[in-house]
Every structure is written in structure tokens, then in C-alpha cells.
Amino acid sequence: MAAVNNGSERDIARRRGATAPPCTMVIFGSSGDLTKRLLMPALYNLAKAGLLAKQFALIGVDRAEQSTDAFRDYLAEGVRRFVSDTAMGGTTEPFDAEAWEFIAARMYHLSGDLLDNKTYSELGKLLETTAKEHNTNGNVLFYLAVGSRLFGPIVDHLGAAGLANEEGGGWRRAIIEKPFGSDLASARALNAQILKTLDESQIYRMDHFLGKETVQNIMVLRFANGIFEPLWSRDHIDHVQISVAETVGVEHRAAFYEATGALRDMVPNHVFQLLSLTAMEPPNSFAADAVRTEKTKVLGAIIPFEEDDVRRNVVRGQYAAGSVVGHPVRAYREEEGVNPQSNTETYVALRLGIDNWRWAGVPFYLRTGKSLTRRSTEIAIQFKNVPFALFRDTGVDTLNPNVLALQIQPNEGISLQFGAKHPGTEIQLGAVRMDFRYSDYFRTAPSTGYETLVYDCMVGDAMLFNRADGVEAGWEIVQPILDLWQRAKDVPLPFYPAGSVGPDAAEELLWRSGRQWRPIA
Ligand code: BG6
């Protein structure tokens, strides 16, 4: 279990931007949707940018009985489709045959049952071959692009076959996809299981939100600019709103989603990533552990939910029939594979408090839902109101608060709302906005969001991955909510029309204290 020395965190930082070190990447679940839609296009983009080492090899493992040629053709199609799909982060640039050939020439397929020892002994032999033929120095990145029930068993098998062992000199790292557990107990059990085989430094727990440029930019905005940090506290901030609104419904994922729901699917992971980057204390460096410690600390300061808090401060909902961006949408209960009496929530909103010196008394309102009016992920920092006295005898009847809004997707940018005087003799105020759009300043490279994460794992930088304690801290916060929903049959599950902003009860969550949600725009 001894971890290979990657060099200091500073060495890692210096290596960033250079070609990744040699390695074989093993994808478990290589015929799956994730591999085709996201991983292969990400590898293609990395190859195109010259970030993959010449000493690179790729092994796909799954049950599909297919030759390496058939495997290549199958994945080539996914990459071609991505490259021209601008909605998916692709571009109108022509397909770069050279970049694809770079990967195709280094690609292998191994058919086998992921729960069978034989698959792993064959994988071991194939890894020796790739190490020799491609000079990969014995470095191996295992990517578990499989259903979550296979995470533990695959790691056990890797351990039993000696494939996770770094004593031969090369590094061995494993990227583990989401969902990491389905509650606190299962997340702890999974951590305990994989930590029997792997050292924490070998484990890269994925949260693809951290691959989004604008999510990473939260840290830069806060800590590279002198103007924000002095205002970033209970002294100046009234409340924070984090919204992750989706237009997609359950799609073809009923089997997964029915047992999961909006809370488990989005909150302890993606939404808490946004929350912790927004609320954490400044880390001492970008070293993985420095950042992850601060993120976990802030999650640990969230006031635990008692039963009364859950009833009062958590709202759930389920979409009924409606119309989303002009298209008719069936009710969730009528979607394919969904129980017609399903009590699975497709929307959740909650209010929580962080009990530390920076945030005590500042409510954080979080919401996420499917089949909503628009796709929009936004963090809005609303500043405290100023005294009104000065305006009492003018025509002004309210002063709008300042809001700093970080738009994470789809129109990435930052806007600042403030009051300005209407031209004229009277004192009349208008709420105006200063808008910064990423696309106005930066030319973004085509990206699925997985490029950074795969590359970071290759260079040994775990900053954008979850540590065991961070994952568990997230589950710990939502566990009382899951418990109450399971135990109490009287917790309302209101319907909201598809295409709306969510259930009315979510509006009430803010109205109660004289606040309101920002429009989902
Ligand atoms: C996934 C969830 O983790 O994130 C999905 O399982 C959700 O339900 C998706 O739609 C959202 O990610 P993105 O990148 O499309 O905003």
C-alpha cells in the first residue's frame, strides 16, 4: 500500500500544463455511455492539445465480446459526434484525425466479467504488455466508469490480483465515479472497503462539477481579487442562494433515479461543492490537502438538521406534466420505468446555516430540480441592505440589495447588481447590472469538463477530487433529511408543473423571512 512519491505539491503545480506522465489508462465499463459520451472525447481533446504522453496506452474492459478494432470503431463514432456537437461542449472545428489516431493506435479491449478473478489476471498480463510496448513506466490509471455497486468489488479484485500495488515503482491510481454511496452508512462502508486496498493518495473520487472551469473560478474570484474577500462574511452578506436548475427530466435513468431522487443525486456532492468553495476559508496553497481540508471544515460547521429543521427548512417536490422550453413533458410518475405512485423527489430546496465566525446567522438557500423552466446553475451572494433614511423624502420607495451572481452554466459569467440614479431632476433609482461574460474575454477550448480531471489524476493532483472525509461530511448533513423522509409519511411532496420554477412551498421558504428566490434565468 505504500504510495509512490509524486514529488512535492509544488512539483505537481510546476508540472501542470506540461505533457502528462506516461501511463496506461484502464477504463472499466468501456462500452458504457460515460466512456463514449465524455471520456473518449476528453482523451481526444487532451491528445489534440498535446497533453497525453507518447508513452500512453488505453485498455477498455467490460463484458462486451468485441475485438479491439470493433471497440475502436464504436468509440470513434462517439468522438466524431462530440466534436461537432456544440451543445455538448464541442466545436465546429473539423475532426482531427491525427488526434484520434494517436489514441486509436494505443487502444486495447479486454472482454471479461468484472467480478471474475480471471479478468484481472488477464488484465495484469495486458498491463505488462502495454508497459513494455508503450514504455508506460508501470503507471496505471484505473477509471471505474461503472455502476456504483461495482466500485468496491473492482477495487477488491485489483487488490487481490496485485494490480493496485505501487511497489514495482509505477503509480497506481483509481478514479471512482459518482454516486459514492447512497447514504452515510454506505459511503463509510465503501471508503472502508476501498481503503483496505488503496492508500487515500491513490483514490480520486470524482465530482464532475469540479471539472467545470467556472466552478474552479470561484476560488480565483475570491482569492485573487482584493475587493471581494473583505466583504465575504456575515458583516456584509445577507444570504446566499445556490441554484442548480435543470430542464432535463429523468430521461432513461428511471432505475437509478427512482432509488436516488434529487437530494441524493445532487446535494451532498455537486451542490455542496459549490457551497464549500463559496464558503470555505482561504487555503494556504492550491495543494490538494490544503484545499480539501478547508472544504471539509466548512461542511463540518453546517448546523445539523434536527427533525423540526427538516420539516421547516427542507422542501421537496415532484414534477407534474407541463412544458419545458416549448416541449410537452409528461409527469414524472408517467415517465418510462417510474412507479406510477412514486414518491421520489425531483426537486429539493433547503435552508441551512453555517455556524462559524464568518457565516453565523447568514442563511444559505440551496435548490435543485429537474424539468424546470431553464437550465441555470448560479451562486448569488446577496449583500445587506443599506439604511433607508437618506431616501425617505425622495420618490424612492425601496432600495434594491447588491447581488454578486456567479453564473456557472450555461452562460458562464459574473454579474454585479447595484443601484444607480435615473437621469433627471428627481431622485429615482434603477437596479442596474455590470456583466462579465467569459466568452467575451476568453476563447475556451472545446471541453467535456473531464479533460482537467483525467489530466489531473495523471499528474497526481487530487485538488479537484473528493477526499474520504469530504464525502462523508456531505452525507452526514443530508442523512437526517433522508431518515425523516423515509420514516414519516406525512412530509408533503407537492407537485410542480414541468417548466415552472418548482413548488410554491420553496418560495415560502424564503418569503417567511422577507426574502425571495432570484428568477431562474
Ligand atoms: C449528474 C446527475 O451527476 O449531474 C444528473 O446524476 C445531473 O442527474 C447531472 O443531470 C448534472 O450535470 P451537468 O454537468 O449536466 O450540469
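Residues numbered from 1 in each chain as written. Predicted model: local features only at pLDDT ≥ 70, side-chain atom pairs only at ≥ 80, totals over all residues. Heavy atoms only, no water.

*Asks:* I'm lost on the domain arrangement of the chain in this one. Help?
*Replies:* A common way to express how large an interface is: the accessible area buried when the components associate. When its domains are assigned, the chain resolves into domain 1 (9-206) and domain 2 (210-385 + 468-511). The C-alpha centroid of domain 2 is placed 30 Å from the C-alpha centroid of domain 1. Each partner contributes to the interface: domain 1 provides 13 residues, whereas domain 2 provides 15 residues. The contact between domain 1 and domain 2 buries some 1,200 Å² in all, and 57% of this surface belongs to carbon and sulfur atoms. Aspartate 265 is the salt-bridge partner of lysine 178, the closest N and O atoms lying 3.0 Å from each other. It is helix 7 (residues 184-197) that provides the largest number of residues to the side of domain 1 that touches domain 2, a total of four residues. (Domains from an automatic or database assignment. Contact = heavy atoms within 4.5 Å. Buried area = accessible area lost by both parts, 1.4 Å probe. Salt bridge = Lys/Arg side-chain N within 4 Å of Asp/Glu carboxyl O. Helix = DSSP H or I, 4+ residues; strand = E, 2+ residues; numbered from the N terminus.)

*Asks:* Which parts of the structure should I look at to understand the sheet that holds strand 12 (residues 363-369)?
*Replies:* Sheet strands line up and pair through hydrogen bonds in the backbone, either parallel or antiparallel. Taken together, nine strands build an open sheet; the order of strands is 16-15-14-13-7-12-11-8-17 and the sheet is mixed. What marks the edges here is a single partner per strand, and that holds for strand 16 (429-437) and strand 17 (495-497). Strand-to-strand twist in this sheet, taken as the mean axis angle between neighbours without regard to direction, amounts to 20 degrees. Summarising the sheet, strand 11 (residues 347-353) and strand 12 pair through seven bridges and their orientation is antiparallel. (Pairing = 2+ DSSP bridges. Axes fitted to C-alpha atoms, helices over the stretch in contact; angles between N-to-C directions.)

*Asks:* Just checking my understanding: could you explain the site of the ligand for this structure?
*Replies:* In the region of the ligand, the neighbouring residues are Lys178, His208, Phe209, Lys212, Glu246, Arg253, Asp265, Met266, His270, Lys370, Arg375 and Gln409. Here histidine 208 contributes a side-chain N or O atom positioned 2.7 Å from an oxygen atom of the ligand. Within the side chain of lysine 212, a nitrogen or oxygen atom sits 2.6 Å from an oxygen atom of the ligand. For the shell around the ligand, a count of residues per class yields two nonpolar, three polar and seven charged. (Near = heavy atom within 4 Å. Polar contact = N/O pair within 3.5 Å; in protein donor to acceptor, adjacent residues only side chain to side chain. Nonpolar A, V, L, I, M, F, W, Y, C, P; charged D, E, K, R; others polar.)

*Asks:* Would you take a moment to explain the pattern of salt bridges for this structure?
*Replies:* Scanning all chains against the criterion turns up 24 salt bridges. The residue lysine 36 makes a salt bridge to glutamate 77 at a minimum N-O spacing of 3.2 Å. Separated by 41 residues along the polypeptide, lysine 36 in helix 2 (residues 33-48) and glutamate 77 in helix 3 (residues 68-84) bring together distant segments of the chain. On the basis of relative accessibility, which here comes to 14%, the residue lysine 36 falls in the buried class. With a relative accessible area of 36%, glutamate 77 lands in the partly exposed category. Salt-bridge contacts for aspartate 69 lead to arginine 72; the nearest nitrogen and oxygen are separated by 2.8 Å. Taken together, the positions of aspartate 69 and arginine 72, both in helix 3 and three residues apart, correspond to about one turn of that helix. For arginine 72, a relative accessible area of 21% corresponds to the partly exposed category. Among the charged side chains, a salt-bridge network with shared partners connects Arg222, Glu229, Glu281 and Arg358. (Buried < 20%, exposed > 50% of the residue type's maximum accessible area, 1.4 Å probe, protein only.)

*Asks:* Can you help me understand the packing of aromatic side chains in this one?
*Replies:* Working definition: an aromatic ring pair is given by the centre-to-centre distance plus the angle between the planes. Going through the model one piece at a time under the given rule, you end up with 14 aromatic pairs. Pairing phenylalanine 388 with phenylalanine 391 gives two aromatic rings, centres 6.4 Å apart and planes at 35 degrees, and the pair type is tilted. Given the relative accessible area of 18%, phenylalanine 391 is considered buried. Geometrically, the ring pair formed by phenylalanine 436 and tyrosine 438 is tilted, given 4.9 Å between the ring centres and 55 degrees between the ring planes. Accessibility expressed as a relative area gives 23% for phenylalanine 436, which makes it partly exposed. By way of ring pairs, the aromatic residues Tyr257, Tyr319, Tyr332, Tyr347 and Tyr496 are connected into one cluster. Sitting over the ring of phenylalanine 95, arginine 80 keeps its end group 4.1 Å from the ring centre. Its end group placed over the ring of tryptophan 171, arginine 173 keeps NZ or CZ at 3.8 Å from the ring centre. (Phe/Tyr/Trp six-rings, centres within 6.5 Å; stacked < 30°, edge-to-face > 60°. Lys NZ or Arg CZ within 6 Å of the ring centre and 35° of its normal.)

*Asks:* Explain the packing of helix 6 (residues 151-160) against helix 7 to me, please; I cannot follow it from the model alone.
*Replies:* For any two helices packed against each other, the geometry comes down to the angle between their axes and how far apart the axes lie. Two numbers describe how helix 6 lies on helix 7: the axes approach to 8 Å, and their chain directions differ by 15 degrees. Between helix 6 and helix 7, the crossing angle belongs to the class labelled roughly parallel. Where helix 6 crosses over helix 7, the handedness of that crossing is left-handed. Between helix 6 and helix 7, the residues in contact are Phe151, Gly152, Pro153, Val155, Asp156 and Gly159 and Leu190, Gln193, Ile194 and Thr197, respectively. Per-class residue counts for the contact of helix 6 with helix 7 are five nonpolar, four polar and one charged. (Parallel < 35°, antiparallel > 145°, perpendicular 65-115°, else oblique. Left-handed = near helix turned anticlockwise from the far one by under 90°.)

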